[in-house]
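Letter by letter, the chains look like this.
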Amino acid sequence: MAVLGATGCVGRQVCAAFARRGADVLAIARHPAPHAARHPFLPLDVAAADPAETARILRAARVDTVVNATGGWGSTQEEMAYAHVRLVRRLVAALALLAHRPRLVQVGSVHEYGPVAPGTLITETTPARPSGDYGRTKLAGARAVLAAAHAGDVDGVVLRVVNVCGPHPPPASFLGALLRRLRAAAPGDDLTVSVADARRDYVDVRDVAEAVLLAATAPATGRIVNVGRGEATEVRELVRLLLAAAGRPAGLVREDAGEVASKGGDWTRADIRLARDLLGWRPRVDLPGSIRDMWAASAP
């Protein structure tokens, strides 16, 4: 099997999950990383590669499952379109060239739905109305996979994942940035943090990897499946949990009343019943444990 974006937060856990089950993992990313050395690694930008070349590589490696865990947040619309749309379209084109179609698991985002009213339980039938470039480009990539699946060109499924926590969070994420600041701060240093007055669904990245593992063999072609905890947690509570894991008094952090940049709305809570029924999946790592493991994994 092959994991695109193998060096990222989700990709590295997906590689580990499949390896634990005895799968031969081909790790693919634009640049290597030390943790990717545990698996055969291929430096490849699928968005730039000719689909025929990508197909040749997958055919030679006898890949039966492809997980697309690529795509950071990016700082411009062009960057996000390159990572979330162009790459997916070229990947789909490559898979369509193969006589034996591998299962494609597209790691999507809850931000594809766009902002919803507080209290909303986001189901797979919730209309997708993203308001920002991130959500719009992720949605375009997901639609490319679904359209190809419905046309019979690929065997694909889209997992719409909520915000992730746990070991090695994305550096640009709220928790990842706060984690780095806490590690860099001297004992007793005061920190000022902009905390959104929001409640969001967070799931441990290892639970996400388990959902991907199950989606690789589930009867889910052409489906969207939400992956989350199914809970809306105050962002302030996440800060409290991280401070507790770091052994820092809560009083050392002051809240800044300024605006907080976000890729979505102030409320996310995913309906995860389809993941349970279709994949046999449920989240297993609680938030306190996930945050503790995140802090421990960041130790020098």
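Structure first, text after, so check above.
Conventions used here
Residues numbered from 1 in each chain as written. Predicted model: local features only at pLDDT ≥ 70, side-chain atom pairs only at ≥ 80, totals over all residues. Heavy atoms only, no water. Core = buried A, V, L, I, M, F, W, Y, C linked by side-chain atoms within 4.5 Å. Buried < 20%, exposed > 50% of the residue type's maximum accessible area, 1.4 Å probe, protein only. Contact = heavy atoms within 4.5 Å. Pairing = 2+ DSSP bridges. Helix = DSSP H or I, 4+ residues; strand = E, 2+ residues; numbered from the N terminus. Axes fitted to C-alpha atoms, helices over the stretch in contact; angles between N-to-C directions. Phe/Tyr/Trp six-rings, centres within 6.5 Å; stacked < 30°, edge-to-face > 60°. Lys NZ or Arg CZ within 6 Å of the ring centre and 35° of its normal.

Enquirer: Which parts of the structure should I look at to understand the nonpolar core?
Expert: Counting 75 residues, the largest nonpolar core has F18, V67, L159 and L279 as its most contacted members. In contact with L279, not counting residues within four places along its chain, are L159, A211, L214, A215, A218, V225 and L274. One finds L182, V195, A196 and W295 within the second-largest nonpolar core, a separate group that totals 24 residues.

Enquirer: What is the right way to read the sheet that holds strand β4 (residues 65-68) from this model?
Expert: Remark on secondary structure: sheet strands pair via backbone hydrogen bonds, oriented parallel or antiparallel. Judged by pairing direction, the sheet is parallel, and its 7 strands sit side by side in the order β3-β2-β1-β4-β5-β6-β11 without closing on themselves. Both outer strands of the open sheet, β3 (41-43) and β11 (224-227), are each paired with one neighbouring strand and no more. Each adjacent strand pair in this sheet contributes to an overall mean axis angle of 20 degrees, direction not counted. Note that strand β5 (residues 103-109) and strand β6 (residues 155-161) share 7 bridges and pair parallel. Bridging from a neighbouring strand, G108 pairs with R160 of β6. Sheet contacts for helix α4 (residues 133-150): β5, β6 and β11; angle to β5, the most-contacted strand, approximately 155 degrees. Packed onto the sheet, helix α6 (residues 205-215) meets β4, β5, β6 and β11 and runs at close to 160 degrees relative to β6.

Enquirer: Would you take a moment to explain the packing of aromatic side chains for this structure?
Expert: What describes a pair of aromatic rings is the distance from one ring centre to the other and the angle between the planes of the rings. For the coordinates displayed, the defined rule picks out 0 aromatic pairs. The ring of Y113 carries the charged tip of R160 above its face, separated from the ring centre by 4.7 Å. When the ring centre of W295 is taken as reference, the NZ or CZ atom of R183 above it lies at 3.6 Å.

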